[in-house]
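If you want the building blocks of each chain, they are given just below.
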Amino acid sequence: MFPSLRRWLAAGSAVAIALIGLAAAPLTAEAVPSTADATKAANYLAKNLPSASAGAAPAITAALGLASTGDCTYSPALRTLVRQLEKGAKAYLYPNKKLNPARAANLAITVKALGLNPRTFAGRDLISLITKSLPKDGRIGSADSAFSQSLALIALDRAEATTPVTVLTKLLSLQDDSGAFGYDMGGFTADPDTTALGILGLAAVGNLDPQQDSAVGWALDAQLADGSWPNDYSPVDSTGLLGSALAKVGKTAEAAAAKGWLGSQQLADGGFPSNRDGATSNLTATADALWLITGKTLSDVSLNLSKCPKDPPALPKATNSCTGVWV
């Protein structure tokens, strides 16, 4: 199984990536935008919403991507996704009838981002579910996962809830000597996506400069010359997530280089492919690209649906020019 796919399944995201992108229909035209365009990417998501039968995970992915724009134009699509999340919450939170606290954190972040109450969503207190039956070592979930720990820290911080110190110490125990966060499959493997969430988790707690600087240092060293990060499954996902995390902690030049690379990957329909230089748009890759394009992260994404009109205008039109050949 690909590392990113395994990570999303574990976290429920990642974001999170469970948070697996849905492939769109093959393109009939192809062009390379001069710069990555948020409107085109968001329009792609709005026009390719996951079906209700796909479950809550892809709905979370699409909702967070659209929310990153802060644009009420996308509120009809977001309200559709909210209804899907309300109906699919139980199945998402309790896979195999057992609570997944990382999924509770992921859903809580989404609900909070949309101006809704994570304490009462779908009849559940998502915040309390994050730390329900928390083990002594603070582990979120059935296995060690820096991604899951980071989701919990971000969700608790956004809800202004008390964060058990053990949740943080567990995350710190999962940081490699290189500074990276990742996963263990018979040995530690550094992962850009997990490191991105680790940086955001540390930033949510604050006053952890040495650990955060170490993670940032690994990210800068791992960045490729073209501005992207390597990922066998989807370099767009990694570049969107890690680039936006670096921007949040002040690494603007490196984030700008990453955003420049995204401009070379956006397809004619506005979406982004899961594979490098691919020709078919993917929901998760597009949503993750939007993090960097819009300058938002799981820590600060916000679009309050209650303040959006019931009948917003039609989808906005992209304004950037394109280079390349239409087929």
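Residues numbered from 1 in each chain as written. Predicted model: local features only at pLDDT ≥ 70, side-chain atom pairs only at ≥ 80, totals over all residues. Heavy atoms only, no water.

### Remarks on the environment of Asp193
Residue position: Asp193 is located in helix α9 (residues 192-205). For the pair Asp193 and Gly240, spaced 47 residues apart in the sequence, the C-alpha separation amounts to 8.9 Å. Within the structure, the side chain of Asp193 is placed 3.4 Å from the side chain of Asn231, a separation counted as a polar contact. (Helix = DSSP H or I, 4+ residues; strand = E, 2+ residues; numbered from the N terminus. Polar contact = N/O pair within 3.5 Å; in protein donor to acceptor, adjacent residues only side chain to side chain.)

### Observations concerning the confidence of the model for the protein
This prediction gives the protein a mean pLDDT of 88; 87% of its residues lie at or above 70. Every residue in residues 1-33 scores below 50 in pLDDT, and together they form 124 contacts with partners more than four places removed in sequence or on other chains. Below pLDDT 50 for its whole length, residues 320-327 participates in 22 contacts with residues either more than four positions away or in separate chains. (pLDDT = per-residue confidence, 0-100. Contact = heavy atoms within 4.5 Å.)

### Here's the deal with the nonpolar core
Counting 89 residues, the largest nonpolar core has Leu66, Leu107, Ile130, Leu262 and Phe272 as its most contacted members. Take this core: its biggest share by element is nine residues, from helix α3 (residues 56-67). When residues no more than four places from it in sequence are discounted, the contact partners of Leu107 are Ile60, Leu85, Ala89, Tyr92, Leu93, Phe121 and Leu126. (Core = buried A, V, L, I, M, F, W, Y, C linked by side-chain atoms within 4.5 Å. Buried < 20%, exposed > 50% of the residue type's maximum accessible area, 1.4 Å probe, protein only.)

### Some details on the packing of α9 against helix α10 (residues 209-222)
Between α9 and α10, the least distance of the axes is 10 Å, while the angle of their chain directions is 155°. In this view, α9 runs roughly antiparallel relative to α10, as classed from their interaxial angle. Here α9 and α10 pass one another in a crossing that is left-handed. In this structure, α9 contributes Pro192, Thr195, Ile199, Leu202 and Ala203 to the contact, and α10 contributes Gln211, Gln212, Ala215, Val216 and Trp218. Each residue belonging to the contact of α9 with α10 can be placed in one class, and the counts come to seven nonpolar, three polar and no charged. (Axes fitted to C-alpha atoms, helices over the stretch in contact; angles between N-to-C directions. Parallel < 35°, antiparallel > 145°, perpendicular 65-115°, else oblique. Left-handed = near helix turned anticlockwise from the far one by under 90°. Nonpolar A, V, L, I, M, F, W, Y, C, P; charged D, E, K, R; others polar.)

### A short note on α3
Between the first and last C-alpha of α3 there are 16 Å, a value that for 12 residues agrees with the 16 Å anticipated at 1.5 Å per step. Taken across its 12 residues, α3 has 12 buried, putting it largely inside the fold. Here α3 has its buried residues at Ala56, Ala57, Pro58, Ala59, Ile60, Thr61, Ala62, Ala63, Leu64, Gly65, Leu66 and Ala67. Among the structural elements, α2 (38-47), α4 (75-93), α5 (101-113) and α13 (283-294) are those in contact with the buried residues of α3. (Expected span 1.5 Å × (residues − 1).)

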